[in-house]
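If you want the building blocks of each chain, they are given just below.
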Amino acid sequence: MENILKNEHQEGPVAKAIEDKTAKIPSDCYLWAAVGAMGVSLTLQCLGKKHASLFIGQWAAPFLLFGIYNKIVKTSGHD
């Protein structure tokens, strides 16, 4: 616990590379991707393509989680 409080924890090279790339993407992109997935899902549902609608509709939550991760990396910084 003391290591975390002293900020002695460091990320590995893969996490650093991912954070460097994702920090460049505006947070709005993830929100619009989630809204877009919900819109496409609704459209597919109205067209009677139930399985495709459910598949695309499940993308909204991961997009929003990526957006939260992106915001945390931007506000808290990274190594």
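Residues numbered from 1 in each chain as written. Predicted model: local features only at pLDDT ≥ 70, side-chain atom pairs only at ≥ 80, totals over all residues. Heavy atoms only, no water.

1. Digging into the packing of helix 3 (residues 27–46) against helix 5 (residues 60–76)
Thinking step 1. For the pair helix 3 and helix 5, interaxial distance at closest approach is 8 Å and the crossing angle is 175°. With respect to helix 5, the element helix 3 is oriented roughly antiparallel. Two secondary-structure elements touch here, helix 3 through Ser-27, Tyr-30, Leu-31, Ala-33, Ala-34, Ala-37 and Met-38 and helix 5 through Ala-60, Phe-63, Leu-64, Phe-66, Gly-67, Asn-70, Lys-71 and Lys-74.
Thinking step 2. Residues of the contact of helix 3 with helix 5, tallied by class, amount to 10 nonpolar, 3 polar and 2 charged. (Axes fitted to C-alpha atoms, helices over the stretch in contact; angles between N-to-C directions. Helix = DSSP H or I, 4+ residues; strand = E, 2+ residues; numbered from the N terminus. Parallel < 35°, antiparallel > 145°, perpendicular 65-115°, else oblique. Contact = heavy atoms within 4.5 Å. Nonpolar A, V, L, I, M, F, W, Y, C, P; charged D, E, K, R; others polar.)

2. Observations concerning the packing of helix 3 against helix 4 (residues 50–57)
Axes are the key here: two packed helices are described by the angle between their axes and the distance separating the axes.
Thinking step 1. Remark: helix 3 packs on helix 4, axes separated minimally by 8 Å, with the N-to-C direction vectors making an angle of 170°. By the criterion of interaxial angle, the relationship of helix 3 to helix 4 is roughly antiparallel. Across the interface between the two elements, Ala-37, Val-40, Ser-41, Leu-44 and Gln-45 from helix 3 touch Lys-50, Ala-52, Ser-53, Ile-56 and Gly-57 from helix 4.
Thinking step 2. Looking at the contact of helix 3 with helix 4 residue by residue, the class counts come to 5 nonpolar, 4 polar and 1 charged.

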